[in-house]
Amino acid sequence: MVEDSKQEHSKEHKTGMNCPQCGAFIKTSIFELFTSGALSCPSCHLRISIDRTESKIAFNALRKVQQAQQN
Ligand SMILES: [Zn+2]
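Residues numbered from 1 in each chain as written. Predicted model: local features only at pLDDT ≥ 70, side-chain atom pairs only at ≥ 80, totals over all residues.

Enquirer: Got a sec to walk through the overall build of the chain? Specific residues and values, please.
Expert: A count of helices and strands for the chain gives three helices and four strands. Taken from the N to the C terminus, the helices and strands of the chain come in the order α-β-β-α-β-β-α. (Helix = DSSP H or I, 4+ residues; strand = E, 2+ residues; numbered from the N terminus.)

Structure (structure tokens):
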């Protein structure tokens with residue numbers, strides 16, 4: 001996972017997460033995560049509900065990514 005993300009970094013800046021079911025990348029944003037409270041996978045259409053505890057963790061992770069991109 002870590003090696004993959006390094007390779008991804010050189011291509012394009014993306015914010016999102018990988019689908020827990022099929023592994024496809026689900027593009028999202030911090031704003032989307034907080035407002036929608038759920039994501040759906042574009043590949044397998046799995047619906048992922050985000051409870052507040054988990055979204056807080058995701059938010060912190062995504063915020064670090066976005067801060068890194070801005071620098
Ligand atoms: Zn999926």
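There is more to say after this.
Enquirer: With reference to specific residues and values, describe unusual backbone geometry.
Expert: It is generally the case that most residues other than glycine have a negative phi and that most peptide bonds are trans. Non-glycine residue His45 carries a positive phi angle of around 65°. Here His45 shows up in the loop between strand S3 (38-40) and strand S4 (47-49). You can call His45 exposed: it has 10 C-beta atoms within 10 Å. (Buried ≥ 20, exposed ≤ 12 C-beta atoms within 10 Å, placed from the backbone.)

Enquirer: Any details on the confidence of the model for the chain? Residues and values, ideally.
Expert: Within the chain, residue pLDDT values average 78, and 75% of them lie at 70 or more. Mean pLDDT in the chain bottoms out at helix H1 (residues 2-11), which sits at 53, and peaks at strand S2 (residues 25-27), which reaches 91. (pLDDT = per-residue confidence, 0-100.)

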